[in-house]
Amino acid sequence: GGHIRIEESVDDSLQTETGILALGGSFGEQQLGVSFQTSSGKLSLRTRVYGNKSDNDFEYIRPGGEQIKQKHATFEQAGLTQSLRYRTGSGKIGLDIWHVETQREIPAHMLATLSLQEQDDQNSRASAFWLVESNRGYFRLRSGVSHDRIHYADPTALLDDHSKSLQLQTDVEGSVRLSRS
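Small disclaimer: the values here were computed from a predicted structure and weren't measured.

1. Considerations on the pattern of salt bridges
Step number 1: Using the criterion set out here, one finds 6 salt bridges in the structure.
Step number 2: By sharing partners, the salt bridges in this structure join Arg 142, Asp 171 and Glu 173 into a single network.

2. Points about the packing of aromatic side chains
Step number 1: A complete count under the given rule lists 1 aromatic pair for this structure.
Step number 2: Ring geometry for Trp 130 versus Phe 139: centroids 5.6 Å apart, planes at 75 degrees, classification edge-to-face.
Step number 3: Note on Trp 130: relative accessible area 39%, which makes it partly exposed.
Step number 4: Residue Phe 139 is classed as partly exposed on the basis of its relative accessible area of 34%.
Step number 5: Against the face of Phe 129 rests Arg 140, its NZ or CZ located 5.9 Å from the ring centre.

3. Looking at the sheet that holds strand E3 (residues 43–54)
Step number 1: One open sheet holds the 8 strands; their spatial order is E1-E2-E3-E6-E7-E8-E9-E10, and the pairing between them is antiparallel. If you trace the sheet from one side to the other, it starts and ends with strand E1 (16–24) and strand E10 (159–176), each paired once. The sheet shows a mean angle of 5 degrees between the axes of neighbouring strands, direction not considered.
Step number 2: Where E1 lies against strand E2 (residues 30–39), 9 bridges are found, and the strand directions are antiparallel. In the sheet register, Ala 22 faces E2, and the bridge partner there is Leu 32.

4. Some thoughts on the layout of surface pockets
Step number 1: The volume enclosed by the largest pocket comes to roughly 210 Å³.
Step number 2: In the lining of the largest pocket, the residues fall into 6 nonpolar, 4 polar and 3 charged.

5. Structural notes on the pairing of strand E6 (residues 75–87)
Step number 1: Where E3 lies against E6, 12 bridges are found, and the strand directions are antiparallel. Each bridged residue has a counterpart across the sheet, and for Asn 52 the counterpart in E6 is Gln 77.
Step number 2: Relative to strand E7 (residues 91–105), E6 runs antiparallel, the two sharing 13 bridges. By the bridge assignment for E7, Gly 79 is matched with Val 100.
Step number 3: Here E6 hands over to E7 after 3 residues, the two strands then running antiparallel side by side.

6. A word on the pairing of E2
Step number 1: The hairpin turn running from E1 into E2, its antiparallel successor, is 5 residues long, and Phe 27 in that turn takes a positive phi close to 60 degrees.
Step number 2: Across 10 bridges, the pairing between E2 and E3 is antiparallel. Residue pairing across strands places Gln 30 opposite Lys 53, the latter belonging to E3.
Step number 3: Counted along the chain from E2 to the antiparallel partner E3, the turn is 3 residues long, and its residue Gly 41 has a positive phi close to 100 degrees.

7. Overview of unusual backbone geometry
Step number 1: Positioned with a positive phi, Asn 56 is a non-glycine residue whose angle comes to about 50 degrees.
Step number 2: If you trace the backbone, Asn 56 turns up in the loop between E3 and strand E4 (59–61).
Step number 3: At Leu 158, a residue that is not glycine, the phi angle is positive and equals roughly 55 degrees.
Step number 4: The topology assignment puts Leu 158 in the loop between strand E9 (137–154) and E10.
Step number 5: Overall, the relative accessible area of 77% leaves Leu 158 in the exposed class.

Analysis parameters
Residues numbered from 1 in each chain as written. Predicted model: local features only at pLDDT ≥ 70, side-chain atom pairs only at ≥ 80, totals over all residues. Heavy atoms only, no water. Salt bridge = Lys/Arg side-chain N within 4 Å of Asp/Glu carboxyl O. Phe/Tyr/Trp six-rings, centres within 6.5 Å; stacked < 30°, edge-to-face > 60°. Buried < 20%, exposed > 50% of the residue type's maximum accessible area, 1.4 Å probe, protein only. Lys NZ or Arg CZ within 6 Å of the ring centre and 35° of its normal. Pairing = 2+ DSSP bridges. Helix = DSSP H or I, 4+ residues; strand = E, 2+ residues; numbered from the N terminus. Axes fitted to C-alpha atoms, helices over the stretch in contact; angles between N-to-C directions. 1 Å grid on protein atoms, 1.4 Å probe; cavity = no way out; pocket = protein on both sides within 12 Å on 5 of 7 lines; lining within 4 Å. Points joined across faces, edges and corners; volume = space filled by probe spheres on them. Nonpolar A, V, L, I, M, F, W, Y, C, P; charged D, E, K, R; others polar.

Take a look at the structure:
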């Protein structure tokens, strides 16, 4: 299960902005991201593309005192987010889309010497909303869909498992002010 709420705040007063993120860290960690946002006042758009990678090849001590370097533990991820907003006379319409793909090698546990386990995930989310506001209250209709695919493989145990999940969620909220303050 899960809750679908991927609405991003998009600055509709901003004209145009581009950003670049690049980071490096220990154990082969690398992050790279690019973002772009533009707005005309009524229509706003934000796009982000990102990637993460880590070798996770740190050293640890096994039971018995042997120090070894972790193997088969690479993690890689790439994703995209897209947000679109349109201002109407009394409200806003929005669409958010998110997709990420993750590949991970699963290292051997402390009592094993070898692992060939791997997992590949593909996760997609889309969410849309319609908001109407007035000095007497507001009304919001929101709907989202989530699609997840997981592939887990362990050749040494002859496991090759594919899982899929599809969820749809819709909610309505609102308020009305009955008297003036």
